[in-house]
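If you want the building blocks of each chain, they are given just below.
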Amino acid sequence: MKSMIINALGDIVVNNYLPMSATNADAFATKYLDGTWKVLLARPDVGTDTALLAYDTKVFVKNSASGVNGYFNMIVKSTVSETDIKTALMGITVNGGLVDHVSVISFAPITFA
């Protein structure tokens, strides 16, 4: 079991990963953290670990008006294209900004034996 606490105070945001239940993580945050926080609980693994080919992908997203941006690193299926990734991320909200620009920085194949 693992929980992630997203803790924010002003412009500073810190992510903490704790090996405890969401209830215990919330109790910890209540007692020790300043600012705001939310607790996310990891769910069990989903999917399979049998792929022979995938793409190591790095993506930059941005809201052009506000300048708010973010980065994503992921391993995507071999059937997914760069266009699919751009389409999926366009219009989502990241760090409070609506994404209107998506750049795929890296889309490198990785093979598994």
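Just so you know, these numbers come straight off a predicted model, no measurement behind them.

How each quantity is defined
Residues numbered from 1 in each chain as written. Predicted model: local features only at pLDDT ≥ 70, side-chain atom pairs only at ≥ 80, totals over all residues. Heavy atoms only, no water. Buried < 20%, exposed > 50% of the residue type's maximum accessible area, 1.4 Å probe, protein only. Helix = DSSP H or I, 4+ residues; strand = E, 2+ residues; numbered from the N terminus. Pairing = 2+ DSSP bridges. pLDDT = per-residue confidence, 0-100. 1 Å grid on protein atoms, 1.4 Å probe; cavity = no way out; pocket = protein on both sides within 12 Å on 5 of 7 lines; lining within 4 Å. Points joined across faces, edges and corners; volume = space filled by probe spheres on them. Contact = heavy atoms within 4.5 Å.

Asks: How should I be thinking about the pairing of strand E1 (residues 3-9) in this particular structure?
Replies: Consecutive side chains along a regular strand alternate between the two faces of the sheet. When you tally the buried positions in E1, you get five out of seven residues, the bulk of the element. One ladder, built from seven bridges, connects E1 with strand E2 (residues 12-18); its direction is antiparallel. Bridging from a neighbouring strand, Met4 pairs with Tyr17 of E2. Taking the residues between adjacent antiparallel strands as the criterion, E1 and E2 are bridged by two residues, where Gly10 takes a positive phi near 65°.

Asks: Would you mind going over the confidence of the model for the protein chain with me for this structure?
Replies: Segments scoring low in pLDDT should not have their predicted coordinates read at a detailed level. Averaged over every residue, the pLDDT of the protein chain is 91; the share at 70 or more is 100%. The least confident element of the protein chain, judged by mean pLDDT, is strand E6 (residues 93-94) at 86; the most confident is helix H2 (residues 82-89) at 96.

Asks: Is there a simple way to think about the layout of surface pockets in this case?
Replies: The method is simple in principle: a probe with the dimensions of a water molecule rolls over the atoms, and the space it marks as empty is what remains. Considered as a void within the structure, the largest pocket measures approximately 310 Å³ in volume. Around the largest pocket, the lining is made up of 13 residues, and of these Thr48, Asp49, Ala51, Ala54 and Lys77 lie nearest the centre. Going through the elements one at a time, strand E4 (53-62) and strand E5 (69-77) are the ones with two or more residues in the lining of the largest pocket. Sorting elements by how many residues they give to the lining of the largest pocket places E5 first, with three residues.

Asks: What am I meant to see in the environment of Ala108 here?
Replies: Examined against the element boundaries, Ala108 turns out to sit in strand E8 (residues 101-111). The class of Ala108 is partly exposed, set by a relative accessible area of 32%. If sequence neighbours within four positions are ignored, Ala108 has contacts with Ala54, Tyr55 and Asp56.

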